[in-house]
Amino acid sequence: MASSEAPAAAMEVEGSGPPAPPRPQFEALKPHEMSDGLVQFRKVPVPPHRYAPLKRNWMEIYTPVYEQMKIDIRMNLKARRVELKTRSDTPDVSNLQKCADFIHAFMLGFDVADAIALLRLDDLYVDSFEIKDVKTLRGEHLSRAIGRLSGKGGKTKFAIENSTRTRIVIADTKIHILGSFLNIKVARDSLSSLILGSPAGKVYSKLRAVTARLAEKY
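What comes next concerns the included structure. (Residues numbered from 1 in each chain as written. Predicted model: local features only at pLDDT ≥ 70, side-chain atom pairs only at ≥ 80, totals over all residues. Heavy atoms only, no water.)

### Brief notes about the overall build of the chain
Okay, so step 1: What the chain contains, in helices and strands, is 12 helices and 6 strands.
Okay, so step 2: Taken over 218 residues, the chain has a buried fraction of 34%.
Okay, so step 3: Accessible surface, the chain as shown: approximately 14200 Å² in total, 56% of it carbon and sulfur. (Helix = DSSP H or I, 4+ residues; strand = E, 2+ residues; numbered from the N terminus. Buried < 20%, exposed > 50% of the residue type's maximum accessible area, 1.4 Å probe, protein only. Areas by Shrake-Rupley, 256 points an atom, 1.4 Å probe, with all protein chains shown as cover.)

What follows is the structure in structure tokens.
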């Protein structure tokens, strides 16, 4: 009997205590507060051959970066690089890196209309490799491999781009691919086959099979 009264008394004692303090409510930190108020920077070097295109397309690059992403941007003429920094009204810290990737993609040779997708979509990447990473070629063999990658009037390159929904830049022996992870892999496999000497027709048929399989998957 005494044992049954003891828990009841304990419950009464617990219930009669002061109420628990309310849970603290903290406002979400702003981007500039996350870094202790420090301004974050990114610097993207401008290669000599992209200096004129950058000058031509400056307003198309400046407008989305400054007005939509809320990132300060300027061209440092002395150091020949584009400099980016966060502002107090930058809505997200990741915007700075997105803008840096966008500028970098433009420097690699992508059009502004294609590179701007890096600002709007999260699952886009730029993958770069060289022809010598696939096969060591020299002289005319190298020239023929570059010719196979482009095709007559760029036909082969456009076919790979359209079927894999990627964008490809062939800059001498360097190849840059912009797209989602899976699509980059499919495009890279096709380009590697062409470098190794596969005829375009064989690559097209393999591409059709792979893209059909991808379409079923999604």
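### A few points about the packing of aromatic side chains
Okay, so step 1: For the structure on display, the rule yields 2 aromatic pairs.
Okay, so step 2: For the ring pair tryptophan 58 and tyrosine 62, a centre distance of 6.3 Å and an interplane angle of 40° mean the geometry is tilted. Of the two residues, tryptophan 58 and tyrosine 62 are both situated in helix 4 (residues 58-68); the distance of 4 residues between them amounts to about one turn of the helix.
Okay, so step 3: Since its relative accessible area comes to 24%, tyrosine 62 is described here as partly exposed.
Okay, so step 4: Centroid distance tyrosine 62 to tyrosine 66: 5.3 Å. Interplanar angle 10°. Geometry classified as stacked. Here tyrosine 62 pairs with tyrosine 66, and both are found in helix 4, just 4 residues apart, close to one helical turn.
Okay, so step 5: Residue tyrosine 66 is classed as partly exposed on the basis of its relative accessible area of 31%.
Okay, so step 6: Clustering of aromatic rings is evident, with ring pairs tying together Trp58, Tyr62 and Tyr66.
Okay, so step 7: Taking the ring centre of phenylalanine 106 as reference, the NZ or CZ of arginine 50 above it sits at 4.5 Å.
Okay, so step 8: Between the NZ or CZ atom of arginine 188 and the centre of the ring of phenylalanine 129, over which it lies, the distance is 4.3 Å. (Phe/Tyr/Trp six-rings, centres within 6.5 Å; stacked < 30°, edge-to-face > 60°. Lys NZ or Arg CZ within 6 Å of the ring centre and 35° of its normal.)

### Let's talk about the sheet that holds strand 6 (residues 174-179)
Okay, so step 1: Strand order in this open sheet of 3 strands is 4-6-5, and the pairing throughout is antiparallel. Taken across any chain shown, the strands that pair with only one partner, and hence form the sheet edges, are strand 4 (125-130) and strand 5 (167-171). Taking each pair of neighbouring strands and ignoring which way they run, the sheet shows an average axis angle of 15°. (Pairing = 2+ DSSP bridges. Axes fitted to C-alpha atoms, helices over the stretch in contact; angles between N-to-C directions.)

### With respect to unusual backbone geometry
Leave glycine aside and you will find that most residues have negative phi; peptide bonds, for their part, are mostly trans.
Okay, so step 1: Residues other than glycine seldom take positive phi values, yet lysine 70 does so here, at roughly 60°.
Okay, so step 2: When you line up the elements, lysine 70 lands in the loop between helix 4 and strand 2 (71-76).
Okay, so step 3: A relative accessible area of 30% places lysine 70 in the partly exposed class.
Okay, so step 4: Unusually for a residue other than glycine, arginine 80 sits at a positive phi of about 55°.
Okay, so step 5: Considering the arrangement of structural elements, one finds arginine 80 in the loop between strand 2 and strand 3 (81-86).

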